[in-house]
Amino acid sequence: MQAFLAILQYDFLQLTRSWISRTWVLLLVAPAIFWVIVAENGSELASETMAFYVTTTLAPISAFAVAILASSAISGEASIISDSILSRSVTRTEYVAAKIISRIGFTLIVYTIVVIPFTYLMFRFAVDDTSFGGVALGWLVLASILTFLAALGITMSIAMANVLPAVLTVLLTIILSGAVLQFLGLSWMSTTAVIDQLPQTFRGETAVWEQIRVLTVFSSLSLIALITGTFVFRNKDL
Amino acid sequence: MYVVETSDLTKIYENRYIALNALNLRVEKGAVFGLVGPNGAGKSTTFRILLGLQRPTAGSVSVFDDAMSPERADIRRRVGYLPTNPSFPRHMTPITYLEFVGSILGMDQKQAKIQLARLLQAVDLASAAAQRIHGFSTGMMTRLGIAAALMGDPELLILDEPTSGLDPAGRKQTIELIRELSGRDRTIIIATHILSDVERVCTDVGIISQGRLIYAGPMAEMRRLARQGTISVELEGNTGAFEQQIHSLDVIGSIRYERLGSEFHITFLGTEPLAEYAQRVLSLVDRTGVELLYITSGADEIEEAFLQRLEDDRTRGFLRAAAWAATQNLSNDFDPVNKRMGVKSSDAGISRNPPV
């Protein structure tokens, strides 16, 4: 447990000091402030403005940042894992669990510290056409998609030796999955469909069971990715 | 008690490369064991399996009488490891890194601080304690690696090429440090290809070649084997006359010599005591009228013995393969008996790894 906490703390500190994390936060916060001002001056609808912010800023920038941060979780430390960490009194499970909690936790913390003030300001300054339950569900669904992205990134960082191919694989998976799911008649599962539906979701116009279905799918996919990654890492030669 | 014990340890990478070939290694408690072998012999692979960083393809490995696996952090808690050309988080300083190692080991913060200060002093990194690891030289990295390996005051210390990349002063300091660390119930295993280092600190030595342990025994025995039959002399004067008569020192064909300027390294292949051969060399010096500047039994003795073992191993490769095939046949023939009686092939007088 001691080793787990030490690695968790070490990794979290690394993430907070990373220039990618800082740029990510900056690129989310600045447009959010801009859209709050626009919404107030133009008397825009809160649901539409928030959904537009997600489509143009939050989703693409976060996808890119999370893919990099998660995909470098283990492969980014390849040279020091065995020499500095796993040759000491650390189990593989402790190490990978600390990495998973740190990377997913960090993603969700950044997401929360941007989304909560942004939502509050939109409620206050835009024309509020949202329902509290719809907004909560909408943000929750987006959080589950980001969690899946982070989980997939961590798994790729275990499976691949280099960071760049892992990042590209994660991004390509997300981009191509839309087309593949549409072809399979499962377009409701694609991230594009979820984001397109956000204005209605924020207004509480979509069925709750549909959102729960999306939540369940992405949570299950995250769990499968993490279990697979942990299994591979535990059996890997370092 | 054996601190480390491997049995038929085999590692094959992706069915392509045999890194370890039925390695049987035993290291006793309190020993300073030198694992010597050329590059690619399997030293680092052995260490990585001993630490649970890699899994063996076949065979078993036990450390402190417990089977090692990647999940055995409790065993690794008692082991300190220095890898070859170690890598550390580059943004950290020696202090923050050693603090991190201390927290992984579950050390109390104050206790860790005391320990790291003591170790940084011992490895001569106190002046660089606040510098980022990013700018460290190879030697500094190695010294930091030694400090990290010693953070938990381990009972078993595994050092992979501890003097690699060090200048002569750093090398001497490291050797002295290893000497200081030996004893006190601490077992040390050092992998190196610098034989003089092994000679200076090790109590036992093992020679590994192509993934097999071709020799293992006390250092004194290795020295005895090395000295056997080799005399080196440095002469001045009519060395040509001396060289012409070298073959008269023993029966024809039982003498091999090498001349390096005024130095002669004479190897006697006969079975008489070394003192007798030394006497004959001195008589020849006297007869030929040359001036003797220096005489010793063996030159670069450990190197000679090491190379001799490797050469023997190579030339016996075919014999070994034949013996192994015979063993397999016999084992198959006797399998029902062995199974019934619970006798291993080696117990039945059949060695799977014929002695070299």
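Below: a short report on this structure. Because the structure is predicted, anything quoted here is derived from the model rather than measured. (Residues numbered from 1 in each chain as written. Chains lettered and ligands numbered in written order. Predicted model: local features only at pLDDT ≥ 70, side-chain atom pairs only at ≥ 80, totals over all residues. Heavy atoms only, no water.)

1. So, the layout of surface pockets
Next, step 1: By volume, the largest pocket is sized at about 1100 Å³.
Next, step 2: Taken together, 39 residues line the largest pocket, and the ones lying closest to its centre are Y10, Q14 and R17 of chain A together with H91 and M92 of chain B.
Next, step 3: Elements with a contribution of two residues or more to the lining of the largest pocket: α1 (2-17), α2 (19-42), α3 (46-71), α4 (78-86) and α5 (92-125) of chain A together with α3 (94-104) and α4 (109-122) of chain B.
Next, step 4: Here the element with the most residues in the lining of the largest pocket is α1 of chain A; it accounts for 10 residues.
Next, step 5: For the lining of the largest pocket, the residue count by class is 18 nonpolar, 13 polar and eight charged. (1 Å grid on protein atoms, 1.4 Å probe; cavity = no way out; pocket = protein on both sides within 12 Å on 5 of 7 lines; lining within 4 Å. Points joined across faces, edges and corners; volume = space filled by probe spheres on them. Helix = DSSP H or I, 4+ residues; strand = E, 2+ residues; numbered from the N terminus. Nonpolar A, V, L, I, M, F, W, Y, C, P; charged D, E, K, R; others polar.)

2. Looking at the interface of chain A and chain B
Next, step 1: Contacts between the two partners involve 25 residues from chain A and, on the opposite side, 31 residues from chain B.
Next, step 2: Broken down residue by residue, the surface that chain A buries against chain B is led by D83, R88 and S89 of chain A, which jointly contribute 27%.
Next, step 3: Applying the counting rule to chain A against chain B returns two salt bridges.
Next, step 4: The shortest N-O distance in the salt bridge between K11 of chain B and D237 of chain A comes to 2.4 Å. (Contact = heavy atoms within 4.5 Å. Buried area = accessible area lost by both parts, 1.4 Å probe. Salt bridge = Lys/Arg side-chain N within 4 Å of Asp/Glu carboxyl O.)

3. Considerations on the nonpolar core
Looking at soluble globular proteins, one finds that nonpolar side chains tend to be buried together.
Next, step 1: The biggest cluster of nonpolar side chains holds 156 residues, and the ones touching the most others in it are W139 of chain A together with Y97 of chain B.
Next, step 2: Ranked by residue count, the leading element in this core is helix α6 (residues 132-159) of chain A, at 15 residues.
Next, step 3: Residues I231, V233, I266 and V285 of chain B belong to the second largest nonpolar core, which totals 15 residues. (Core = buried A, V, L, I, M, F, W, Y, C linked by side-chain atoms within 4.5 Å. Buried < 20%, exposed > 50% of the residue type's maximum accessible area, 1.4 Å probe, protein only.)

4. Topic: empty space enclosed by the protein
Residues and elements named next belong to chain B.
Next, step 1: Under the defined criterion, the tally for this structure stands at three cavities of 30 Å³ or more.
Next, step 2: Here the largest cavity defines a volume of roughly 60 Å³.
Next, step 3: Those elements that provide at least two residues to the lining of the largest cavity are β7 (79-82) and α5 (138-150).
Next, step 4: The residue makeup of the lining of the largest cavity, split by class, is six nonpolar, three polar and two charged.
Next, step 5: The space that makes up the second largest cavity amounts to roughly 40 Å³.
Next, step 6: Surrounding the second largest cavity, A122, V123, R143, I146, Q173, T174 and L177 form its lining.
Next, step 7: Put simply, the parts of the chain that give the lining of the second largest cavity at least two residues each are α5 and α6 (168-181).
Next, step 8: When its residues are assigned to classes, the lining of the second largest cavity shows four nonpolar, two polar and one charged.

What is shown is where atoms sit, not what they do.
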